[in-house]
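Residue-level structural notes
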Amino acid sequence: MTDALRDLTEQKYKYGFVTDIDEDRIPKGLTEDVVRLISRKKSEPQFLLDFRLKAFRHWLTMEEPGWAHIQHPPIDYQDIVYYSAPKPKKKLASMDEVDPELRDAFKKLGIPLEEQARLANVAVDAVFDSVSVATTFKKKLADLGVIFCSFSEAVKEHPEIVERYLGSVVPYSDNYFATLNSAVFSDGSFAYVPKGVRCPMELSTYFRINAADTGQFERTLLVADEGAYVSYLEGCTAPVRDKNQLHAAVVELVALDRAEIKYSTVQNWYPGDAEGRGGIYNFVTKRGKAMRRSKISWTQVETGSAITWKYPSCILQGDESVGEFYSVALTNHRQQADTGTKMIHIGKNTRSTIISKGISAGRGQNTYRGLVKIQKGAENARNYSQCDSLLIGERCGAHTFPYIEVKNPSARVEHEATTSKISEDQLFYCRQRGIKEEDAVSMIVNGFARQVLKELPMEFAVEAQKLLGMSLEGSVG
Amino acid sequence: MSPKEQENQPILAVEGLRARIGDREILTGLSLTVNAGQVHAIMGPNGSGKSTLAGVLAGRETAEVTGGTARLDGRDLLAMSPEDRAIAGLFLGFQYPVEIPGVGNLYFLRTALNAQRKSRGEEEIDAVDFLEFAKEKMKSVEMDPAFMSRGLNEGFSGGEKKRNEVLQMAVLEPRLAILDEIDSGLDIDALRVVARGVEALRSPVRSTVLVTHYQRLLEYVVPDVVHVMAAGRIVLSGGRELALELEKKGYAWIDEEARRGAFAEPVQVSP
């Protein structure tokens, strides 16, 4: 490969700054007392403490899973701070009272918290370390009955909804990381869209890890009541630190009859440096339950994190429900991603679509892992899966593990997969037309990912495109 | 320089160019001058180095340049990156245009045009204006606009790819176009379209080099000068009669003469 292409991959992470702010943090380590402390700090109702304790006790009996195609030194769970929050100077009466330091931090990230400065049709919940610091456009949404707030606030204001749905899609005992999250999660976002309401703006959560040695364990719960529609987007970044940090989130989606949830993620946690030092370990459980004639659509653009382990899934429980998964995962340098989806067809005439685009560069390892399961009663279920891999350079890897389980003979399941490389011929062709090599790589990669990018809300598709280009800088050596 | 003054000035000046692929010397001291306003044809048997020449001039790295010079408007081509050569006005029509899935034809073309305009300090052209501009050009190469929203050359037939090359040339309006076997694999209709594209670009301030194995294309585009390449050099130059003669006699005698060392110095065949 040429020098220009090599230079391209040695690019710096642009969100790596640290905000100097007073933190309220608890000592490192995880015990039942820590779980109780977190719950107490948040003045939680009994049902939530019980949920946490059940999870914690179960977690003690579990072992970290080893089946993913990833490698990392053992994680010391006692060497992590499980709660850290920016110290509030006083109770916020309005958005204008957000700590200026915090406001600046989000401004630097391109997320102004002042409502007038925001994109007019996006409401934002900003989560800094363990807590939500601000939610915009709350009032406007409330007029329609849409609840959009931090998870902690939902626990206080709408405990009945939280109690009803928390753990209903991802049970506390689901898997090692989800169980850990259930024990120690500190905050996250919550949204409820009432019957028949079409949420008029994008709901968005921006997650920021700031504090050192801290794990981020957020929990998101979205409920779309019958016939409701909501489009939700999450973004995330973290400072450059040479130690790995753990992020273990849980997202639960509930789409009641005829509801539709579109959930988009642009994941840009700190990926570590070119030698693989530092970076976020991103172990995330995301799952949605789709009732009759409802639809859940996951779109993810995963460019950050040292390790990405996530499988946004759909339980197609109701008849005629629809599940979709559109994914672009990019690994550069020493990044590793093991990601994909599970489509569980339970209801009749359920349909699912999986489009996965994996891009590997540098020494990146990219794995697609997916399960399509057609249960006995899922008459006429259909699935279409397409998994494409693009390799840049000679030292990266792409792997595909599609699992298919069919228990109903009327099912139709299709799977297509391709692997290709960016060729010297393609690059030369672009350059001969006057396009710089790095722009050519970015253009080819975006072309490869187009099927997925077009699923993103407009405002974010452009950002995601730029991000793909940026994440690839220095991709070949 | 005014267009009038530019006329008959050399746009491309190549002297003693040598290049090798691995241990094999492919270009063995090639010299060629192409003046503004001219169309040159470079003919020659397979393996004579025609495509390597086109590639080396455009900055392809498959061959390593070991000697000689190549100048475009007096600027040292060999010292420039491929993209800078393109920006300086060199266009290569590819023998095998690549496919780039998912990157729209029109988008690619506008990106290329704007990259070039930007580098020259000109204003970028917006999507709406570009569409109008490109539509005109598409008509000239009889290209169905439906092709434009498809991926670059994605699923195009051989003929469609070649037309697309000519469309790109028409949009980019290069100072020097080198068309490498643009006629291979074309039926008569496509050949006519390609020829018309080349003719449309004929101007006192531009020049074109057609690299071709057959004389067929030259029935539609009349060259000012015809060169014959053998063993990595230009061994014969003349008017278009030379092409006709080659058509009649074939290339075998050239190869033979070259082996005997008959072309120690390039031969000028007077028209």
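Since we're looking at a predicted model, the values are computed, not measured.

1. Some remarks on the overall build of chain A
A count of helices and strands for chain A gives 11 helices and 23 strands. Going through the 477 residues of chain A one by one, you find that 57% of them count as buried. Sequence-distant contacts in chain A: of pairs separated by 6 or more residues, those separated by 24 or more amount to 83%.

2. Considering the overall build of chain B
Each helix and strand in chain B was counted, giving nine helices and 13 strands. Whereas a compact globule of 271 residues would reach a radius of gyration of roughly 18 Å, chain B reaches 18 Å, a difference of no more than 12%. For chain B, the spread of C-alpha atoms along the principal axes amounts to about 60 × 40 × 40 Å. In chain B, buried positions account for 44% of the 271 residues.

3. Focus on the nonpolar core
Ala224(A), Val230(A), Ile261(A), Ile178(B) and Val228(B) are the most contacted members of the largest nonpolar core, which has 198 residues in total. It is helix α10 (residues 437-453) of chain A that contributes the most residues to this core, nine residues altogether.

4. Topic: helix α7 (residues 188-200) of chain B
Since the α-helix turns once every 3.6 residues, residues separated by three or four places project in the same direction. All names here are of chain B. With 13 residues, α7 should cover 18 Å at 1.5 Å per step; its first-to-last C-alpha distance of 18 Å lies within 8% of that length. Taken together, the buried positions of α7 are occupied by Ala190, Val193, Val194, Ala195, Gly197 and Val198. Taken together, the buried residues of α7 touch α5 (127-140), α6 (158-172) and β10 (207-212).

5. Some words on the sheet that holds strand β5 (residues 75-76) of chain B
Across the sheet, four strands lie side by side as β2-β1-β4-β5 (chain B); this open sheet has antiparallel pairing. In the strand order of this sheet, the two ends are held by β2 (24-35) and β5 of chain B, each with one partner.

6. Focus on the interface of chain A and chain B
Many authors give the size of an interface as the accessible area that is lost as the parts come together. Taken together, the 15 residues of chain A in the interface contact 20 residues of chain B. Listed by contribution, the elements that provide at least two residues to the side of chain A that touches chain B are α9 (424-432) and α10 of chain A. The element that contributes the greatest number of residues to the side of chain A that touches chain B is α9(A), accounting for six residues. When grouped by side-chain class, the residues that make up the side of chain A that touches chain B number six nonpolar, four polar and five charged.

7. Some details on the pairing of strand β11 (residues 225-230) of chain B
All names here are of chain B. Counting buried positions along β11 gives six out of six residues, so the element sits mostly inside the fold. The alternating pattern of β11 places Val225, His227 and Met229 and Val226, Val228 and Ala230 on opposite faces, both of which are buried. Examined bridge by bridge, strand β3 (residues 39-43) and β11 share four bridges and lie parallel to one another. Bridge assignment links isoleucine 42 to a residue of β11, and that residue is histidine 227. Between the end of β11 and the start of strand β12 (residues 233-238), which pair antiparallel, lie two residues, with alanine 231 showing a positive phi angle near 50°.

8. Remarks on the packing of α5(B) against α6(B)
Helices that pack against each other are described as a pair by the angle of their axes relative to one another and the distance between those axes. Residue and element names in this part refer to chain B. Running from amino to carboxyl end, α5 crosses α6 at an angle of 135°, the nearest separation of the two axes being 9 Å. Here α6 runs oblique to α5, going by the angle between their axes. Our pair here, α5 against α6, has a crossing hand that is right-handed. For the pair α5 and α6, the contacting residues are Ala134, Lys137, Met138 and Ser140 in the first and Leu167, Ala170 and Val171 in the second.

9. Thoughts on the environment of Asp76(A)
Looking at where Asp76(A) falls in the secondary structure, it is placed in the loop between α3 (46-60) and β2 (84-86). Since 10 C-beta atoms lie within 10 Å of it, Asp76(A) is described here as exposed.

10. Quick notes on the confidence of the model for chain A
Residues and elements named next belong to chain A. Across chain A, the average pLDDT comes to 86, with 83% of residues at or above 70. Residue range residues 1-10 is modelled with pLDDT below 50. Its contacts to residues more than four positions away, or to other chains, number 31 contacts. Counting contacts from residues 116-120, a segment whose pLDDT is below 50, to residues more than four positions away or on other chains yields five contacts.

11. Regarding unusual backbone geometry
You will see that Glu320(A), though not glycine, has its phi angle at about 60°, which is positive. Tracing the backbone shows Glu320(A) in the loop between β16 (313-316) and β17 (322-331). Backbone geometry at Glu142(B) places phi at a positive 50°, although glycine is not the residue there. Within the secondary structure, Glu142(B) is located in the loop between α5 and β8 (151-152). The class for Glu142(B) is partly exposed, based on 14 C-beta atoms found within 10 Å.

12. Quick look at the environment of Ala200(B)
Residues and elements named next belong to chain B. Position of alanine 200 relative to the elements: it lies in helix α7. Residue alanine 200 is classed as partly exposed on the basis of its C-beta count, with 14 C-beta atoms lying within 10 Å. Taking the C-alpha atoms as reference, alanine 200 lies 21 Å from arginine 117; in sequence the two are 83 residues apart. Those residues in contact with alanine 200 that lie beyond four places of it in its chain are Ser140 and Ala170.

13. A closer look at the pairing of β3(B)
All names here are of chain B. Counting buried positions over the five residues of β3 gives five, a clear majority of the element. Neither face of β3 is open: one carries Val39, Ala41 and Met43, the other His40 and Ile42, and all of them are buried. In this sheet, β10 lies alongside β3 in parallel orientation, the contact comprising five bridges. When the bridges of β10 are listed, methionine 43 appears paired with threonine 212.

Criteria and thresholds
Residues numbered from 1 in each chain as written. Chains lettered and ligands numbered in written order. Predicted model: local features only at pLDDT ≥ 70, side-chain atom pairs only at ≥ 80, totals over all residues. Helix = DSSP H or I, 4+ residues; strand = E, 2+ residues; numbered from the N terminus. Buried ≥ 20, exposed ≤ 12 C-beta atoms within 10 Å, placed from the backbone. Contact = placed C-beta atoms within 7 Å. Rg over C-alpha atoms; globule rule 2.2 N^0.38 Å. Core = buried A, V, L, I, M, F, W, Y, C linked by C-beta atoms within 7 Å. Expected span 1.5 Å × (residues − 1). Pairing = 2+ DSSP bridges. Nonpolar A, V, L, I, M, F, W, Y, C, P; charged D, E, K, R; others polar. Axes fitted to C-alpha atoms, helices over the stretch in contact; angles between N-to-C directions. Parallel < 35°, antiparallel > 145°, perpendicular 65-115°, else oblique. Left-handed = near helix turned anticlockwise from the far one by under 90°. pLDDT = per-residue confidence, 0-100.

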